[in-house]
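Summary of structural features
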Amino acid sequence: MRATTIHAPFDMRVEDVPDPVVRNPGDAVVRVLRSCICGSDLWAYRGESARQAGQRIGHEFLGIVEETGAEVTGVRRGDLVVAPFMWSDGVCDYCREGLTTSCEHGGFWGSVGSDGGQGEAVRVPFADGTLVALPAEAASDDRLLAALLTLSDVMGTGHHAALGAGARAGVTVAVVGDGAVGLCGVLAAKRLGADRIIALGRHEARTDIARRFGATDVVAERGDAAVEAVRELTRGQGAHAVVEAVGTEQSMRTAVSITRDGGAIGFVGVPHGSGTGLDLSVMFDRNIALRGGVAPVRTYIPELLPDVLDGTIDPSPVFDLTIGLERVPDGYKAMDERTALKVMVAN
């Protein structure tokens, strides 16, 4: 079959790789219908995250179950399913507590020795704990497939950040970052009932989506100017809840500076470029809470799925470029150059 591999910085290839097969009784093989490129994939693309030459890549996909192991009971051949960006067994202590990303037997698609999502098919370990069945009729609805694909990562990650920040009715939410996760954070905050949502972003096409998703205000400034603008919008106090969806030192400093005393930051931006950015004395003095990390999206899919299916939320606009599998290297280039927000791969 064909699949995306990474060989060196900026060297993405679509190559022939062995077809996936059931190795263990709990496995399933999924034929991929839709996958996508994540902003976090760009760190490997740019050489900022180490990868072995020829390693598979991609961690967001949905598709059709082609084969199952003898012990799989939750899905069957022919089912349309979505996979969260990490597999999990569903039964360990962490999974039972909802922290599926800390599963004792879990793993990340595209890690050494595992299949990546940007290919024609994927072997899924612990299929019963990992995969979520979708309505069969969704397979013929391109817009709905795009919306459902976001449940593999960005919609659930935005939701995780909004929950960590304490988004709810009666509060002001600020979102740092205008990538797909930040935009989904806006949508999640709106879904959770936030009265006012301030989106921080400089790219008009993206902030237009933020407004469509529920942002009431947009701040285009960065750094100190952004802090001043948010405080001006909030009577000098800052936002009760802040979503940090970038992961740099500057973005975290901005997040802390725009958080209202007694507020909280939900951080889901993958940290890169610096291990600093937090002044604990400032957070201590102002009673600012910090919650977040790797989003356990498998836990959130059952909650978010009905709202996607009935149209209560539609995250599909985060995809602004759709390509075929053979053009995946072009998709990476487009996202790296910021000519695309998020690229979907249609098989």
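Since this is a predicted model, take the numbers as computed values, not measurements.

Definitions and limits used
- In every chain, residue numbers begin from 1 and rise along the written sequence.
- Only residues with pLDDT of at least 70 are given local features in this predicted model, and only at 80 or more are side-chain atom pairs given and counted; all residues enter the totals for whole chains, interfaces and linings.
- Heavy atoms from the whole structure form the basis of all side-chain values; hydrogens and water molecules are not counted.
- In this text, helices come from DSSP runs of H or I with a minimum length of four residues, and strands from runs of E with a minimum of two, each type numbered from the N-terminal end.
- Here the term buried applies to any residue with accessible area under 20% of the maximum for its type, exposed to any over 50%, and partly exposed to those in between, with areas from a 1.4 Å probe on protein chains only.
- Residues count as neighbours in contact if any of their non-hydrogen atoms are within 4.5 Å of one another.
- In short, Shrake-Rupley with a 1.4 Å probe defines the accessible areas, and a residue's cover is counted only from the protein chains shown.
- Counted as positive: Lys and Arg. Counted as negative: Asp and Glu. His and the chain ends are not counted at all.
- Here the site of a charge means NZ on Lys, CZ on Arg, CG on Asp, or CD on Glu.
- Buriedness of a pocket was judged along seven lines, with at least five required to meet protein on both sides within 12 Å; pockets are open sets of points on a 1 Å grid over the protein atoms alone, cavities are sets where a 1.4 Å probe fits but cannot get out, and lining residues have an atom within 4 Å of a point.
- Grid points are joined across faces, edges and corners, and a volume is the space filled by probe spheres set on the points.
- Three classes are used, and their members are as follows: Ala, Val, Leu, Ile, Met, Phe, Trp, Tyr, Cys and Pro are nonpolar, Asp, Glu, Lys and Arg are charged, and the others, Gly among them, are polar.
- In this scheme, strands are said to pair when DSSP sees at least two bridges between them.
- Note on method: axes are straight lines fitted to C-alpha atoms, helices fitted across the in-contact stretch only, with angles between N-to-C directions ranging 0 to 180 degrees.
- Like-charged residues are merged into a patch within 9 Å and nonpolar side chains (Val, Leu, Ile, Met, Phe, Trp, Tyr) within 5 Å, provided each residue has over 30% relative accessible area and no salt bridge.
- When a carboxyl oxygen of Asp or Glu is within 4 Å of a side-chain nitrogen of Lys or Arg, the pair counts as a salt bridge.
- Between 65 and 115 degrees an angle is taken as roughly perpendicular, under 35 as roughly parallel, over 145 as roughly antiparallel, and anywhere else as oblique.

Let's shift gears to the overall build of the chain. Scanning the chain from N- to C-terminus turns up twelve helices and 18 strands. When the backbone C-alpha atoms are referred to their principal axes, the chain occupies close to 60 × 40 × 35 Å. Expressed as a percentage of its 347 residues, the buried residues of the chain come to 56%. Long-range pairs, those at least 24 residues apart, make up 70% of the contacts in the chain between residues at least 6 apart in sequence. For the chain, the accessible area works out to roughly 14400 Å², and carbon and sulfur atoms hold 49% of it. Distance from the positive charge centre (33 side chains) to the negative charge centre (46 side chains) of the chain: 3 Å.

Quick look at empty space enclosed by the protein now. Under the counting rule described, the total for this entry stands at one cavity of 30 Å³ or more. When its residues are assigned to classes, the lining of the largest cavity shows six nonpolar, three polar and one charged.

In this section: the sheet that holds strand E16 (residues 289-292). Taken together, six strands build an open sheet; the order of strands is E13-E12-E11-E14-E15-E16 and the sheet is parallel. Two strands bound the open sheet, and with one partner strand each, they are strand E13 (217-219) and E16. Taking each pair of neighbouring strands and ignoring which way they run, the sheet shows an average axis angle of 20°. Bridge count between strand E14 (residues 239-244) and strand E15 (residues 259-267): five bridges; the pairing is parallel. The partner of valine 242 across the bridge, within E15, is isoleucine 265.

Let us look at a nonpolar patch on the surface. Taken together, the side chains of Leu278, Leu280 and Leu290 present a nonpolar region at the surface, about 270 Å² in accessible area. With respect to the helices and strands, the residue leucine 278 is situated in the loop between E15 and helix H10 (280-285). Judged by relative accessible area, which is 37%, leucine 278 ranks as partly exposed.

The next point concerns the packing of helix H5 (residues 154-165) against helix H11 (residues 297-309). Running from amino to carboxyl end, H5 crosses H11 at an angle of 95°, the nearest separation of the two axes being 9 Å. As far as their axial angle goes, H11 and H5 are roughly perpendicular. Contact with H5, carried on its side by Met155, Gly156, Thr157, His159, His160 and Leu163, involves Val297, Tyr300, Glu303 and Leu304 of H11 and no other residues of that element. In terms of residue class, the contact of H5 with H11 is built from five nonpolar, four polar and one charged.

Note that valine 308 resides in helix H11. The buried category is assigned to valine 308, whose relative accessible area is 0%. For the pair valine 308 and methionine 1, spaced 307 residues apart in sequence, the C-alpha to C-alpha distance is 31 Å. Excluding residues that lie within four positions of it along the chain, valine 308 makes contacts with Leu144, Ala147, Leu148, Leu151, Ile313 and Pro315.

In a structure, side chains of opposite charge can pair up when their charged atoms sit close to one another. Under the counting rule described, the total for this entry stands at 19 salt bridges. Note that aspartate 307 and arginine 191 form a salt bridge whose closest N and O atoms lie 2.7 Å from each other. In this pair, aspartate 307 sits in helix H11 while arginine 191 sits in helix H6 (residues 180-191), placing the two residues 116 residues apart along the sequence. We classify aspartate 307 as buried; its relative accessible area is 16%. The class of arginine 191 is partly exposed, set by a relative accessible area of 25%. Residues joined by salt bridges that share partners form a network here, namely Arg2, Asp16 and Glu326.

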